[in-house]
Amino acid sequence: MSGSAADAGRLKRAAEAHFAAMVDLDRSGHQVLTIYVAGLAIEALFRAYIYRLQRTVSKAHGLRELAEDGEFFKGVPPGRRPEVAAALGEIASRWYNLLRYESVDSVEKEYRRRGLDRLANGRLVKGDLVAYNREIVVESALIVANEGLGRWQFSKP
Amino acid sequence: MAILETLKKQLEEEFPDAVADLELIDDRDQPEFARIGGNLIWPGFAGMTHIKRQRMLGNFKDAHLSREEQHRLSVILTFTPEEVGELMAA
């Protein structure tokens, strides 16, 4: 069944609440839940965009596929597209649905396995690896939030 | 809806020349419990990361709002006037 405008509004409000929760979790230093809720907020936002088009959300979709199905990038001006696409890439490479069952040490191991313990110049990240990646995820999620929620409010559908 | 007006006034005092565009965002049967969200548009955000902007907002919340009032808040997005102009032109 296709989504309706009411479904889109409901998902948008959920995304707003989840972004607020992400910010609060970040301020409280909850590493894993901050990252998990960031992805959840993005997922709700992209699902809202899909419903806004009165389309159906398929099962088992990743964040990039949801963005595609909702034509999220279609409305992003070319000048901002690289920044927003990069932000989504940062989140997609660090977020997975099973994060909600993970401890901080298991996330750290997974991030090392994924090579997320290295900077762009190849050097190892110094300090708390999960906190470092959490900062990247939160900053990236806020870029996507400003784009998606801001465009919803300030520009035409 | 006094909390909306109070919060808007406090934000615009804390961030000089800002526009706090707030509203009740939940579609609840009991609007007195609906959450507040919106935008804070401030030239001072220029050149600042989004995390830093939100952490400034967090400090504002801690300084000015009770725990119950903080629980009423949904996300407040942070923009510069230029960023809003780009979104409106999109």
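Residues numbered from 1 in each chain as written. Chains lettered and ligands numbered in written order. Predicted model: local features only at pLDDT ≥ 70, side-chain atom pairs only at ≥ 80, totals over all residues.

Visitor: How should the overall build of chain B be read in this particular structure?
Guide: Summing up its helical and strand segments, chain B has four helices and three strands in all. Listing every helix and strand of chain B by position from the N terminus yields α-β-β-α-α-β-α. Taken against the 2.2 N^0.38 rule, which gives 12 Å for 90 residues, the C-alpha radius of gyration of chain B at 13 Å falls within 12% of a compact globule. Residues counted as buried form 30% of the 90 residues belonging to chain B. Here the analysis covers contacts within chain B between residues at least 6 apart in sequence; of these, 56% occur between residues at least 24 apart. (Helix = DSSP H or I, 4+ residues; strand = E, 2+ residues; numbered from the N terminus. Rg over C-alpha atoms; globule rule 2.2 N^0.38 Å. Buried ≥ 20, exposed ≤ 12 C-beta atoms within 10 Å, placed from the backbone. Contact = placed C-beta atoms within 7 Å.)

Visitor: Would you take a moment to explain the interface of chain A and chain B for this structure?
Guide: Reports often express the size of an interface as the amount of accessible area lost when the parts come together. Across the boundary between the two partners, chain A contributes 21 residues, which contact 19 residues of chain B. Sorting the residues of the side of chain A that touches chain B by element identifies α1 (5-28) and α6 (129-154) of chain A as the ones contributing at least two each. Counting residues per element, the side of chain A that touches chain B draws most heavily on α6(A), which supplies 11 residues. When its residues are assigned to classes, the side of chain A that touches chain B shows 11 nonpolar, four polar and six charged. (Nonpolar A, V, L, I, M, F, W, Y, C, P; charged D, E, K, R; others polar.)

Visitor: Sorry if this is basic, but what is going on with the sheet that holds strand β3 (residues 73-79) of chain B here?
Guide: Spatially, β1-β2-β3 (chain B) is the arrangement adopted by the three strands of the open sheet, whose pairing is mixed. Edge positions in the sheet fall to β1 (19-24) and β3 of chain B, since each of these pairs with one other strand and no more. Taking each pair of neighbouring strands and ignoring which way they run, the sheet shows an average axis angle of 15 degrees. Bridge count between β1(B) and strand β2 (residues 36-41) of chain B: six bridges; the pairing is antiparallel. Bridge pairing in β2(B) places B:V19 opposite B:I41. Sheet strands in contact with α1(A) are β2 and β3 of chain B, and its direction is about 80 degrees off that of β3(B). (Pairing = 2+ DSSP bridges. Axes fitted to C-alpha atoms, helices over the stretch in contact; angles between N-to-C directions.)

Visitor: What am I meant to see in the nonpolar core here?
Guide: Ranked by internal contacts, the top residues of the largest apolar core, which has 58 residues, are A:A38, A:A41 and A:A141. Counting residues per element, this core draws most heavily on helix α2 (residues 31-52) of chain A, which supplies 15 residues. (Core = buried A, V, L, I, M, F, W, Y, C linked by C-beta atoms within 7 Å.)

Visitor: Help me out: how do you make sense of the pairing of β2(B) in this one?
Guide: In the case of a regular strand, side chains alternate between the two sheet surfaces. Residue and element names in this part refer to chain B. Of all the six residues making up β2, five are buried; the element is thus mostly covered by neighbouring parts of the structure. Summarising the sheet, β2 and β3 pair through five bridges and their orientation is parallel. Following the sheet pairing, L40 is matched in β3 by T78.

Visitor: I'm lost on helix α4 (residues 81-92) of chain A in this one. Help?
Guide: Because each turn of an α-helix spans 3.6 residues, side chains separated by three or four positions in sequence point in the same direction. All names here are of chain A. Over its 12 residues, α4 runs 16 Å from end to end, which matches the ideal 16 Å to within 8%, given 1.5 Å per residue. All of the buried residues along α4 are V84, A87, L88 and I91. The buried side chains of α4 occupy one side of the element, clustering within an arc of 95 degrees when seen end-on. In α4, the exposed positions that point more than 90 degrees away from the buried face belong to P82 and A86. Lining the buried residues of α4 we find α2, α3 (63-69) and α6. (Expected span 1.5 Å × (residues − 1). Arc of directions from axis to C-beta.)

Visitor: Can you walk me through the packing of α1(A) against α2(A) in this structure?
Guide: Packed helices, taken two at a time, are described by the angle their axes make and the gap between the axes. All names here are of chain A. One way to put it is that α1 packs onto α2 with a least axis distance of 8 Å and a crossing angle of 165 degrees. By the angle between their directions, the pair α1 and α2 is classed as roughly antiparallel. Judged by the twist between their axes, the crossing of α1 over α2 is left-handed. On the side of α1, the interface is formed by D7, A8, L11, K12, A14, A15, H18, F19, A21, M22, L25 and D26, while α2 contributes L33, T34, V37, A38, L40, A41, A44, L45, R47, A48, Y51 and R52. (Parallel < 35°, antiparallel > 145°, perpendicular 65-115°, else oblique. Left-handed = near helix turned anticlockwise from the far one by under 90°.)

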